[in-house]
Amino acid sequence: MLVAWKYRPRNTFIQRLDPRTRLIFLFCVIFGVSIPEIWDYRIVLPLFLVSLTLYLMARIAWKDVKRVWTYILILVVFIVGLNALLSARGGPSSVTNIVSPVIFTVPLKIPFTQLGWDIPVTVSKIWFSFNQMFRMLTMTLLAIPIPYTIDPNIYGTAFRQMGASDKVSFTMDLAFRFLPTFARDFSITMDAQRARGYELESMEGGIFSRIRRLAPLIIPVVMQSTVTGEEVIDAMDLRAFGTNRRTWLKDLKYAPRDYLILGLGIFIFVGCCVLRWGFGVGGYFVPDFFTNLFL
Amino acid sequence: MNDKSTWEFGTRQVVYGAIGAALYGVLSWVTNIFPLPAAGNITFRPAVAVLIFFGVAYGPWVGLLAGFIGNTLGDALSGWGFYWHWSLGSGIMGLVAGLVMTQISDFRAKDQIIKAAIYGLVGIIAGMLFASLMEKVVGGIDIKTALIGYFVPATIGNVVVVGILLPVLMIAFAAVASRRGR
């Protein structure tokens, strides 16, 4: 049920990049798309292609990410895509304000009654749901490779050298390291409880009893983690953590390739802001060719 | 070592902040992918009970770090991207819940569990209100959608989860803590 990811050293352009570069680039794209609210396919599509190129350059084997992608595609297509199609949720209000031809209506009614709604699916909503999916995939394509391609040992250093304090950097570092451990603990606990006849998937009872049934899964992992915590604190105290400014084992230095990618990231962010606020380009609209498909 | 001052930020806070974040991240990832069925757009996120518990047990800094980093990790793992306002909203939930830490001495006592739950409730309301109102600024939705579409369902879901799981977590923790002779 849970997958623990694996970092592997690979000799690729992406992995030779400084981890700071990759995190900053990721944020440039996320902020570039979300702060000026870019919904224009002429911007979203090229960004998607940039993300896809960088993703492919990371050369992660398909078998490593197969499960992650299955979950994400289900999420993006069925949950986000359908939601966007029906309710235009998560989008700008112009999606439903634009006058747009209704293709068909989806009756959401309690069976055999007239209670409920007829939800109109417009051309605008269909176009929006495509846009929404591509926007999400653009960010996802950049985020997915991170655990596979950044050495878990340098997260702390990366945050430290981006200006975070020793303590905050160490918190990030530990959080990243504990994540796969707890994912494994959950799946072990799940198996152990199942062997004792525990049924998480059982549909019996209402939502309250279903939540209560999570306790045999959550309690052992959380309590074990509090004990682990005490051990880690002892170990860190023995090494005099927090008494003085720390030195970090690895030192990160930017190379010319990093400046290239950083430049691209800043270009994307600034470009999106300038286009949106300076020229009024990038907001939501339905292109004519798409509307014409349905007429 | 068990200095119970509310705003101390030392090794203990660093370690439990990280552990809380990792647990919150993993759990919210699981429930992002396999949502518990619910009415309307209410989502039940059991991870929130763990976050409030970490706040109550280890204080406001731990709650803030666990909520902020944990929500960021959970969103990134499920491929949502980075929604800083929801992450900060989660951080606020943990931080407010953490303000009760110094008042909790017996994790088994009924009145103290109720007190912790009340702080948790206030934290959830504060955090979710912040995130929903920021959604208005970031997502450009109107105030009615922000409150009815985001704030109310998120708050109800979180309150239900915390109401059910927080007491169980606190009682279990009392047993673990007493075994360790703390």
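1. Some remarks on the overall build of chain A
Turning to step 1, where the next piece is worked out: What chain A contains, in helices and strands, is 13 helices and 2 strands.
Turning to step 2, where the next piece is worked out: Counting only residues that meet the buried cut, chain A has 50% of its 295 residues in that class.
Turning to step 3, where the next piece is worked out: A separation threshold of at least 6 residues defines the contact pool for chain A, and within that pool the share at least 24 residues apart is 76%.

2. Observations concerning the overall build of chain B
Turning to step 1, where the next piece is worked out: From N to C terminus, chain B includes 6 helices and 0 strands.
Turning to step 2, where the next piece is worked out: Listing each helix as α and each strand as β along chain B from the N terminus yields α-α-α-α-α-α.
Turning to step 3, where the next piece is worked out: For chain B, with 182 residues in total, the buried portion stands at 60%.
Turning to step 4, where the next piece is worked out: Considering only contacts in chain B between residues 6 or more positions apart, those separated by 24 or more positions represent 74%.
Turning to step 5, where the next piece is worked out: Taken as a whole, chain B presents about 6500 Å² of accessible surface, with 69% of it coming from carbon and sulfur.

3. Concerning the environment of Ala172(B)
Turning to step 1, where the next piece is worked out: By the element assignment, Ala172(B) lies in helix α6 (residues 143-179).
Turning to step 2, where the next piece is worked out: Between the C-alpha atom of Ala172(B) and that of Arg108(B), which follows or precedes it by 64 residues, the distance is 8.5 Å.
Turning to step 3, where the next piece is worked out: The residues contacting Ala172(B), other than those within four sequence positions of it, are Ile219(A) and Met223(A).

4. Some thoughts on unusual backbone geometry
Residues and elements named next belong to chain A.
Turning to step 1, where the next piece is worked out: A positive phi is found at Glu 37, a non-glycine position, where the angle reads about 50 degrees.
Turning to step 2, where the next piece is worked out: Along the chain, Glu 37 turns up in the loop between α2 (19-34) and α3 (41-57).
Turning to step 3, where the next piece is worked out: Under the relative-accessibility criterion, Glu 37 is labelled buried at 19%.
Turning to step 4, where the next piece is worked out: The phi dihedral of Arg 59 is positive, around 50 degrees, even though this residue is not glycine.
Turning to step 5, where the next piece is worked out: Residue placement: Arg 59 occurs in the loop between α3 and α4 (62-87).

5. Regarding the pattern of salt bridges
Residues and elements named next belong to chain A.
Turning to step 1, where the next piece is worked out: Inspection of the entire model under this criterion finds 10 salt bridges over all chains.
Turning to step 2, where the next piece is worked out: The residue Asp 64 makes a salt bridge to Arg 8 at a minimum N-O spacing of 2.6 Å. Placement of Asp 64 in helix α4 and of Arg 8 in the segment before α1 (13-16) is noted, with a sequence separation of 56 residues between them.
Turning to step 3, where the next piece is worked out: Residue Arg 8 is classed as partly exposed on the basis of its relative accessible area, which comes to 34%.

6. Brief notes about the packing of α2(A) against helix α12 (residues 256-278) of chain A
All names here are of chain A.
Turning to step 1, where the next piece is worked out: At a closest axis distance of 8 Å, the pairing of α2 and α12 adopts a crossing angle of 15 degrees. Looking at the two axes, α2 sits roughly parallel to α12. By crossing handedness, the relation of α2 to α12 is classed as left-handed. Here α2 contributes Thr 21, Ile 24, Phe 25, Cys 28, Val 29, Phe 31 and Gly 32 to the contact with α12, which in turn contributes Asp 258, Ile 261, Leu 262, Leu 264, Gly 265, Ile 266, Ile 268, Phe 269 and Cys 272.

7. Section: the confidence of the model for chain A
Turning to step 1, where the next piece is worked out: Looking at chain A as a whole, its pLDDT mean stands at 85, while 91% of the residues score no less than 70.
Turning to step 2, where the next piece is worked out: Averaged pLDDT values over the elements of chain A bottom out at 72 in helix α5 (residues 94-97) of chain A and peak at 95 in α12(A).

8. Describing the state of the cysteines
Residues and elements named next belong to chain A.
Turning to step 1, where the next piece is worked out: What the rule picks out here adds up to 0 disulfides over all chains.
Turning to step 2, where the next piece is worked out: The thiol of Cys 272 is not disulfide-bonded; the next cysteine sulfur, from Cys 273, is found 6.9 Å away.
Turning to step 3, where the next piece is worked out: Residue class for Cys 272 comes out buried when judged on its relative accessible area of 3%.

9. As for helix α4 (residues 84-98) of chain B
Turning to step 1, where the next piece is worked out: Under the 1.5 Å per step criterion, the end-to-end length of α4(B) is 21 Å for 15 residues, consistent within 8% with the ideal 21 Å.
Turning to step 2, where the next piece is worked out: Summarising burial for α4(B): 11 of the 15 residues are buried, a large majority.

10. Side note on the environment of Phe130(B)
Turning to step 1, where the next piece is worked out: With respect to the secondary-structure elements, Phe130(B) resides in helix α5 (residues 110-139).
Turning to step 2, where the next piece is worked out: In contact with Phe130(B), other than residues within four places in its own chain, are Trp84(B), His85(B), Leu88(B), Gly89(B) and Ile92(B).

11. Details of α3(A)
Quick reminder: α-helices carry 3.6 residues per turn. Residues three or four places apart thus point the same way.
All names here are of chain A.
Turning to step 1, where the next piece is worked out: With 17 residues, α3 should reach 24 Å at 1.5 Å per residue; the first-to-last C-alpha distance of 24 Å fits that figure.
Turning to step 2, where the next piece is worked out: All of the buried residues along α3 are Ile 43, Val 44, Leu 47, Phe 48, Ser 51, Leu 54 and Tyr 55. Projection of α3 onto a plane perpendicular to its axis shows the buried side chains occupying an angular sector of 130 degrees, all on one side.
Turning to step 3, where the next piece is worked out: A positive backbone phi angle near 50 degrees is found at Arg 59, which sits one or two residues after α3.

12. As for the side chain of Gln13(B)
Residue and element names in this part refer to chain B.
Turning to step 1, where the next piece is worked out: Among the structural elements, Gln 13 can be located in helix α1 (residues 11-33).
Turning to step 2, where the next piece is worked out: Judged by relative accessible area, Gln 13 falls into the buried class, the value being 6%.
Turning to step 3, where the next piece is worked out: Excluding residues within four positions of it along the chain, Gln 13 makes contact with Glu 8, Tyr 58, Trp 61, Val 62 and Leu 65.

13. A closer look at the packing of aromatic side chains
Residue and element names in this part refer to chain A.
Turning to step 1, where the next piece is worked out: What the rule picks out here adds up to 28 aromatic pairs over all chains.
Turning to step 2, where the next piece is worked out: Connected via pairs of aromatic rings, a cluster forms that spans Tyr 41, Trp 127, Phe 130, Phe 285, Phe 289, Phe 290 and Phe 294.
Turning to step 3, where the next piece is worked out: One residue, Arg 20, lies across the ring of Tyr 254, its end atom 4.1 Å from the ring centre.
Turning to step 4, where the next piece is worked out: The aromatic ring of Trp 39 is capped on one face by Arg 135, whose charged end is 3.7 Å from the ring centroid.

14. Structural notes on the nonpolar core
Turning to step 1, where the next piece is worked out: Within the largest apolar cluster, 119 residues are counted, with the highest numbers of intra-cluster contacts made by Phe53(B) and Phe54(B).
Turning to step 2, where the next piece is worked out: At 15 residues, α6(B) tops the list of elements feeding residues into this core.
Turning to step 3, where the next piece is worked out: Setting aside its immediate chain neighbours within four residues, Phe53(B) contacts Val222(A), Met223(A), Thr226(A), Leu166(B), Leu169(B), Met170(B) and Phe173(B).
Turning to step 4, where the next piece is worked out: Counting residues in hydrophobic clusters, the runner-up holds 12 residues, among them Trp39(A), Val123(A), Phe128(A) and Phe290(A).

Reading the values: rules and limits
- Residues numbered from 1 in each chain as written.
- Chains lettered and ligands numbered in written order.
- Predicted model: local features only at pLDDT ≥ 70, side-chain atom pairs only at ≥ 80, totals over all residues.
- Heavy atoms only, no water.
- Helix = DSSP H or I, 4+ residues; strand = E, 2+ residues; numbered from the N terminus.
- Buried < 20%, exposed > 50% of the residue type's maximum accessible area, 1.4 Å probe, protein only.
- Contact = heavy atoms within 4.5 Å.
- Areas by Shrake-Rupley, 256 points an atom, 1.4 Å probe, with all protein chains shown as cover.
- Salt bridge = Lys/Arg side-chain N within 4 Å of Asp/Glu carboxyl O.
- Axes fitted to C-alpha atoms, helices over the stretch in contact; angles between N-to-C directions.
- Parallel < 35°, antiparallel > 145°, perpendicular 65-115°, else oblique.
- Left-handed = near helix turned anticlockwise from the far one by under 90°.
- pLDDT = per-residue confidence, 0-100.
- Disulfide = S-S within 2.5 Å.
- Expected span 1.5 Å × (residues − 1).
- Arc of directions from axis to C-beta.
- Phe/Tyr/Trp six-rings, centres within 6.5 Å; stacked < 30°, edge-to-face > 60°.
- Lys NZ or Arg CZ within 6 Å of the ring centre and 35° of its normal.
- Core = buried A, V, L, I, M, F, W, Y, C linked by side-chain atoms within 4.5 Å.

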